[in-house]
Amino acid sequence: MTGPTPPLADGAAEEVLYSESFRIVGNDFEHGGEVAARVKAILKQLGFPGDAIRRVSIANFEAEMNVIMYAEEGTLDLAVVPGGVRVTVADRGQGIPDIDWAMQEGHSTATPEMRARGFGAGLGLPNIKRNSDEFAITSTVGTGTTLRYVVYAGLSAEN
Amino acid sequence: MQLRSIVELLGCEVLCSREALGVDVPSCFAADLMSDVLAFATPNALLVTGLTSVQAVHTADVAECAAILFVGAKRPSREALELAERRAIPLLSTSHSMFEACGVLRAAGIPPARKA
């Protein structure tokens, strides 16, 4: 790869090198973290640098736990593109009435059970944003939430 | 400090991945809140926690913690133990409380693993 990494905007012509979709089931705490672990293994196998894998994995784990805690079901779509890793997490659920409020650290509507699992302290969305190079969130109350984030990285074979 | 020295220091029971006790632990992060670990812990830290669910192990895996130390004589769930074995993440348990364990580790010279 040469030159600066291009921003990965919604490009119809974007080349996808690898893609896979993972289902996440609401309230399934027992398996919470498995999707992030599977994606981590894939990225490792593809030869991404460790720092990029760590950032994608942290974002994925938080996003996965958000679906488990707040939605009925959702999907995590992984797309490896020439400039990095693009992830879309879309859920069917209650949605977020005030995204600006939810994006602030410490703001959460979690139940005590969620907090007993070590999550739900209002750090998830800010944590996903912090670990991404691009981040977008849309939500409709009563319908669901869609997160889209990108981590820039080159495959080691191309570096 | 090597993980095996920490085992001695805190009288830990080694619950799994004993083969990794030679690993060097450069720093330590203590939390029951896994989002805190994901947000602020630097790689290779020893994770000190009272949270025994499978999410503690997923967190250690994702945040690349060297090992997990359960405080207050807590024991991990079966799922957590099996996952840690598969990932070769050592799980330790000490009867010390969170406060006591952190005090001992800090006094032994282990620095905090918190991002600036």
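Going by the structure above, here's the rest.
Residues numbered from 1 in each chain as written. Chains lettered and ligands numbered in written order. Predicted model: local features only at pLDDT ≥ 70, side-chain atom pairs only at ≥ 80, totals over all residues.

### Points about the overall build of chain A
- Assigned secondary structure in chain A consists of 5 helices and 5 strands.
- When its helices and strands are written in sequence order, chain A yields β-α-α-β-β-α-α-α-β-β.
- Expressed as a percentage of the 159 residues in chain A, the buried residues total 40%.
- By sequence separation, contacts in chain A at least 24 residues apart represent 66% of the contacts at least 6 residues apart. (Helix = DSSP H or I, 4+ residues; strand = E, 2+ residues; numbered from the N terminus. Buried ≥ 20, exposed ≤ 12 C-beta atoms within 10 Å, placed from the backbone. Contact = placed C-beta atoms within 7 Å.)

### Quick word on the interface of chain B and chain A
- Every contact between the two is made by 19 residues of chain B and, on the other side, 19 residues of chain A.
- If you list the elements that add at least two residues to the side of chain B that touches chain A, you get helix H2 (34-40) and helix H3 (54-62) of chain B.
- Taken together, the residues that form the side of chain B that touches chain A break down as 10 nonpolar, 4 polar and 5 charged. (Nonpolar A, V, L, I, M, F, W, Y, C, P; charged D, E, K, R; others polar.)

### As for helix H1 (residues 34-46) of chain A
Residues and elements named next belong to chain A.
- Here H1 is 13 residues long and its end C-alpha atoms lie 18 Å apart, about the 18 Å a rise of 1.5 Å per residue gives.
- Every buried residue of H1 is listed here: Val 35, Ala 36, Ala 37, Val 39, Lys 40 and Leu 43.
- At the C-terminal side of H1, Gly 47 shows a positive phi close to 95°. (Expected span 1.5 Å × (residues − 1).)

### Topic: the nonpolar core
- The biggest cluster of nonpolar side chains holds 78 residues, and the ones touching the most others in it are B:Leu46, B:Leu47, B:Cys65, B:Ile68 and B:Leu69.
- The greatest single-element share of this core, amounting to 11 residues, is contributed by helix H2 (residues 50-70) of chain A.
- Here B:Ile68 is in contact with B:Leu47, B:Thr49, B:Ala56, B:Val57, B:Ala60, B:Ile89, B:Leu91 and B:Leu92, once residues within four sequence places are set aside. (Core = buried A, V, L, I, M, F, W, Y, C linked by C-beta atoms within 7 Å.)

### Here's the deal with the sheet that holds strand E5 (residues 144-152) of chain A
Residue and element names in this part refer to chain A.
- Pairing is antiparallel across the open sheet formed by 5 strands, whose spatial order is E1-E2-E3-E5-E4. Of all the strands in the sheet, just strand E1 (18-25) and strand E4 (134-140) have a single pairing partner and so form its edges. Going from strand to strand, the sheet's axes swing by 10° on average, the running direction of each strand aside.
- Alignment of strand E3 (residues 84-93) against E5, held across 7 bridges, turns out to be antiparallel. By the bridge assignment for E5, Ala 90 is matched with Thr 146.
- Where H1 meets the sheet, its contacts fall on E1, strand E2 (71-81) and E3, and the angle it forms with E1 comes to roughly 165°.
- Each of E1, E2, E3 and E5 touches H2; the most contacted strand, E3, lies at about 5° to it. (Pairing = 2+ DSSP bridges. Axes fitted to C-alpha atoms, helices over the stretch in contact; angles between N-to-C directions.)

### Looking at unusual backbone geometry
Residues and elements named next belong to chain B.
- At Asn 44, a residue that is not glycine, the phi angle is positive and equals roughly 70°.
- On the secondary structure map, Asn 44 appears in the loop between H2 and strand E3 (46-49).
- Positioned with a positive phi, Glu 64 is a non-glycine residue whose angle comes to about 60°.
- Mapping Glu 64 onto the fold places it in the loop between H3 and strand E4 (67-70).
- A count of 17 C-beta atoms within 10 Å places Glu 64 in the partly exposed class.

### A word on the packing of H3(B) against helix H4 (residues 78-87) of chain B
All names here are of chain B.
- It is the contact of H3 with H4, at a shortest axis distance of 7 Å, that shows an interaxial angle of 20°. Judged by the inter-axis angle, H3 sits roughly parallel to H4. Of the two elements, H3 crosses H4, and the hand of that crossing is right-handed. Here Val 54, Ala 56, Val 57 and Asp 61 of H3 come into contact with H4, specifically with Glu 79, Ala 80, Leu 83, Ala 84 and Arg 87.
- Its residues assigned to classes, the contact of H3 with H4 shows 6 nonpolar, no polar and 3 charged. (Parallel < 35°, antiparallel > 145°, perpendicular 65-115°, else oblique. Left-handed = near helix turned anticlockwise from the far one by under 90°.)

### Description of the sheet that holds strand E1 (residues 13-16) of chain B
Residues and elements named next belong to chain B.
- In spatial order, the strands read E1-E5-E4-E3-E2; together these 5 strands make up an open sheet with mixed pairing. Each edge of the sheet is formed by a strand with only one pairing partner; in this case those strands are E1 and strand E2 (28-30). On average, each strand axis in the sheet is tilted by 25° relative to the strand beside it, whichever way the strands run.
- Across 4 bridges, E3 lies against E4 in parallel orientation. Residue pairing for E4: Leu 47 is matched across the bridge by Ile 68.

Such coordinate-based values are descriptive only and should not be taken to indicate function.
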